[in-house]
Structure formats: structure tokens, C-alpha cells
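Chains, contacts and geometry: an overview
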Amino acid sequence: MLDIPKIRAVLDTASRWDMDLDQFACWSHAHLFNPVLPLEELEAWEALAEVTLPEDYRTYLTQLGNGGAGPAYGLYPLSLPSDKTAQLLRRPCIYSEDQEEKFQDVVRRFIRWNDLDDDWSLYLDYFPDTPSWKDRRWQNEHRKEWGDELDRLIDENIDFPLTEHGQHQITNEGCSGDIYIILNGSHRGYIHCATTDCDPDLAFPEPRTFSAYRDRWLKNTFADYFMGYVNRTEDVCKNLSAEKRQKFQRERAQVRDFISAVQAQDWSGVVKLLNAIPDPAELSTKSKSLYIHYDENHLLRPLSTNPDVKRFYDRLYGRHGRNCGNWVTWVRCYDPENTRIAPYPRPTFETFAQTFFDP
């Protein structure tokens, strides 16, 4: 189960002192939780979906946060499912001891779909009684019609069973690494990577049985998965060198003074503080993120033509420049107007900035 006191202690420390954010994608959440999910909202989700979530995942949502800190990009917030999604959640999950026949059938279809470039041949798999005279004519004159029907059948027979039936996506570990928690069957509460955008021989090695899949991929419950992230984060903080800790102490003090000067509209003080930073490019990820936020959100507008401020940001951004679009590994705070990054968790700027202050 989740060790709540340890989680809170480790991640509170990490949110303040893991300033390089070295673990993959943890800059997305900076070890910060969203507000917790009220129990009545969780129960409303379960009533609508007619599904009871595994207990350790429920604990995460109601005692730690409705999304935020977690492995990789962090855990998605839980939001009410559509009617279609709720129906899929209630279906039996094929990753279960009692679904062997269904598991093998879905995997067989997936392998053939992945290996076959000829959509018409795949269509005939599902409609073997299609008259032969329709072959060329059907392809040429009715391609969209049979193509749409084929897409629907692939969803129903391959995509949904592999990635939707009886499972709920909780995060993404990059590219096609969608992580799901299983909601029913023999492995309820376990997590795994479920995707159709992968090498099927890697995901489903011979023999293509559920037991082979189970032994390779179904090893962790949600609590195991989450505590693995917590333990790695604890190690990062414990192994900070004295030199790094001193560097971070200086940066935290610089940021606090900078925030205070901006709030007081002491613009000459802001310039003096930025000039006192020897090499902006050598700042930690967290410190860079805060200064970038002030630049991207035009919070230093009275200094927009100041050459010292321009020089600071030119050195901070380096060869990429402000508008290159290559800045991906810094903390981007929640922006309600930017829906493109959903559902990845983002801390509010106020919460993020507070981590530079002592509790």
C-alpha cells in the first residue's frame, strides 16, 4: 500500500531541493500534487462508470492529489467519463486469467493488423462472404464506406480490448508509453503499458498467451509503481552533494529576492539582481523555469528595452533563443487558456514559486 507519511515528506523535500529535476519528465509536475479529489466526486465517478477503483489508487486521489506528482510526466487528474468511456470501463479486461481465449484472439488480430499493408484483405477477414465481384469495384467506388467500417471493426476487435476494456489510463511515459490501471479480473489494481503503437513481437512475445504476458509485464500494483517513483526521488535528494546543495541555496535566495523586487516594482533592484547571476545558463532547471515564466508572461514589461535584462535572457536561453521552441525540459505552470497540454498535470505558478521559500 501507499506509505502516505513517507510520500508527503519525500515529495515536500523534493519539491524544494530537487532543483535539477533529473528524473525523466518530472519537470512536468515538479513533485507537486494537484488538490485532492473530494470523496463525493470520486464516488460520483464510480457511480457513473459503475466501477469501484482499486483502493491504493483511490487513496492517491483522495489523500495526496487528483493528479500531479508521480512517475514520468505525472498522473492524470480523474475527470467524469463520457457514456461511451464508462461502457468500455465496465467491459471485462482481457489481461486476466479467465480471459485467455479472448486475449489470444485479440493478440492474433493485432499481429495480423500490424503485419498487413493490404486493408482490403483485412476487411475480408471480417467479411469473408463479400462477393468476389465486389473486389475492385468495392475498393474503387466505395473505399470510404468500407474503410470507415474497417476502422470501426478494428476499434471494437483490437484497439478497445487492448487499451480500453476494463482499464483506465493514469499517465504517459513518453511517446506511446500509455500507462493503465486494470479495473477488473485477476489482476485488478495492477498497472501496465497498453498501446497499439508498438512492436507487437516486443509487447506479446511467443508464446502469445496471457501467462507469458503476465510474467513479463504485470509485476506492479499501482502502489508499487508509485512508490518506485517516490523511492527514486528520495535517493536523488539524499545524494545531493554539498556543492549542489550550496548552489541551490544561493539560487533559492536569489529567486526569493527577485520575486520580492518584482512584487515591489523595484525595477532597478530587479536589474541589479539579474546582473548578479554570473552565468544564467548554469542555473538549475527550477530556477530557469521561474525566470522563463516571468519572461514568457511579460511580467517584466517595464524592463522590456533594458539591455541588461535582454542580455540576461539571451544567456539564459542560449543558442535556442526565445522563440525556437526547443525548450521542453522546464517547468511550465498551469495556464487555463492552453488546452493543448491536457491532461498532463501542471502546478499553478503560485504553488511552484512557493517552493523557493522555506515552509
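Our subject is the structure listed above.
Definitions and cut-offs
Residues numbered from 1 in each chain as written. Predicted model: local features only at pLDDT ≥ 70, side-chain atom pairs only at ≥ 80, totals over all residues. Heavy atoms only, no water. Helix = DSSP H or I, 4+ residues; strand = E, 2+ residues; numbered from the N terminus. Buried < 20%, exposed > 50% of the residue type's maximum accessible area, 1.4 Å probe, protein only. Contact = heavy atoms within 4.5 Å. Lys, Arg positive; Asp, Glu negative; His and termini not counted. Charge placed at Lys NZ, Arg CZ, Asp CG, Glu CD. Polar contact = N/O pair within 3.5 Å; in protein donor to acceptor, adjacent residues only side chain to side chain. Pairing = 2+ DSSP bridges. Phe/Tyr/Trp six-rings, centres within 6.5 Å; stacked < 30°, edge-to-face > 60°. Patch = residues over 30% accessible without salt bridge, like charges linked within 9 Å, V, L, I, M, F, W, Y side chains within 5 Å. Areas by Shrake-Rupley, 256 points an atom, 1.4 Å probe, with all protein chains shown as cover. Salt bridge = Lys/Arg side-chain N within 4 Å of Asp/Glu carboxyl O.

Examining the overall build of the chain
Across its full length, the chain carries 16 helices and 4 strands. Considering only C-alpha atoms, the chain reaches an extent of 80 × 50 × 40 Å along its principal axes. Burial status across the chain gives 47% buried among its 359 residues. At a minimum sequence separation of 6, the contacts of the chain that also span at least 24 residues come to 70%. Side-chain charges in the chain split into 42 positive and 58 negative, and the spacing between the mean points of these groups amounts to 6 Å.

Some words on the side chain of Thr 233
Tracing the backbone through its elements, the reader meets Thr 233 in helix H11 (residues 222–238). A residue is classified by how much of its surface remains accessible, and Thr 233, at 0% relative accessible area, is buried. A distance of 2.8 Å separates the side chain of Thr 233 from the backbone oxygen of Tyr 229, its partner in a polar contact. For Thr 233, the residues in contact, after removing those within four places along its chain, are Val 10, Leu 11, Ala 14, Gln 23 and His 31.

Observations regarding the pairing of strand E2 (residues 178–182)
Of all 5 residues making up E2, 5 are buried, and the element is well covered by its neighbours. Here E2 shows a buried face lined by Asp 178, Tyr 180 and Ile 182 and a second buried face lined by Ile 179 and Ile 181. Alignment of strand E1 (residues 167–172) against E2, held across 5 bridges, turns out to be antiparallel. By the bridge assignment for E2, Gln 167 is matched with Ile 182. Between E1 and the antiparallel strand that follows it, E2, lie 5 residues; Gly 174 among them carries a positive phi value of about 110 degrees. Bridge count between E2 and strand E3 (residues 190–193): 3 bridges; the pairing is antiparallel.

What to know about the packing of aromatic side chains
Tallied over the entire structure, the rule returns 27 aromatic pairs. Ring geometry for Tyr 123 against Trp 146: centres 5.6 Å apart, planes inclined by 55 degrees, an arrangement best described as tilted. Placement of the pair is Tyr 123 in helix H6 (residues 119–126) and Trp 146 in helix H8 (residues 143–163), with a sequence separation of 23 residues. Given a relative accessible area of 7%, Tyr 123 falls into the buried group. Among the aromatic residues, ring-to-ring pairing joins Tyr 95, Phe 103, Phe 110, Trp 113, Phe 204, Phe 210 and Tyr 213 into one connected group.

Section: a negative patch on the surface
On the surface, Asp 115, Asp 117, Asp 118, Asp 119 and Asp 151 cluster together into a negatively charged patch. Residue position: Asp 115 is located in helix H5 (residues 100–115). Note on Asp 115: relative accessible area 56%, which makes it exposed.

A short note on the pattern of salt bridges
Under the definition given, this model contains 19 salt bridges. Glu 149 is paired through a salt bridge with Arg 152; the nearest N and O atoms lie 2.5 Å apart. On the criterion of helical spacing, the pair formed by Glu 149 and Arg 152 is a turn pair, its members being 3 residues apart in helix H8. Two residues, Arg 311 and Asp 308, come together in a salt bridge whose shortest N-O distance is 2.7 Å. Here Asp 308 and Arg 311 lie together in helix H15 (residues 307–317), a separation of 3 residues that amounts to about one turn. What makes Asp 308 partly exposed here is its relative accessible area of 24%.

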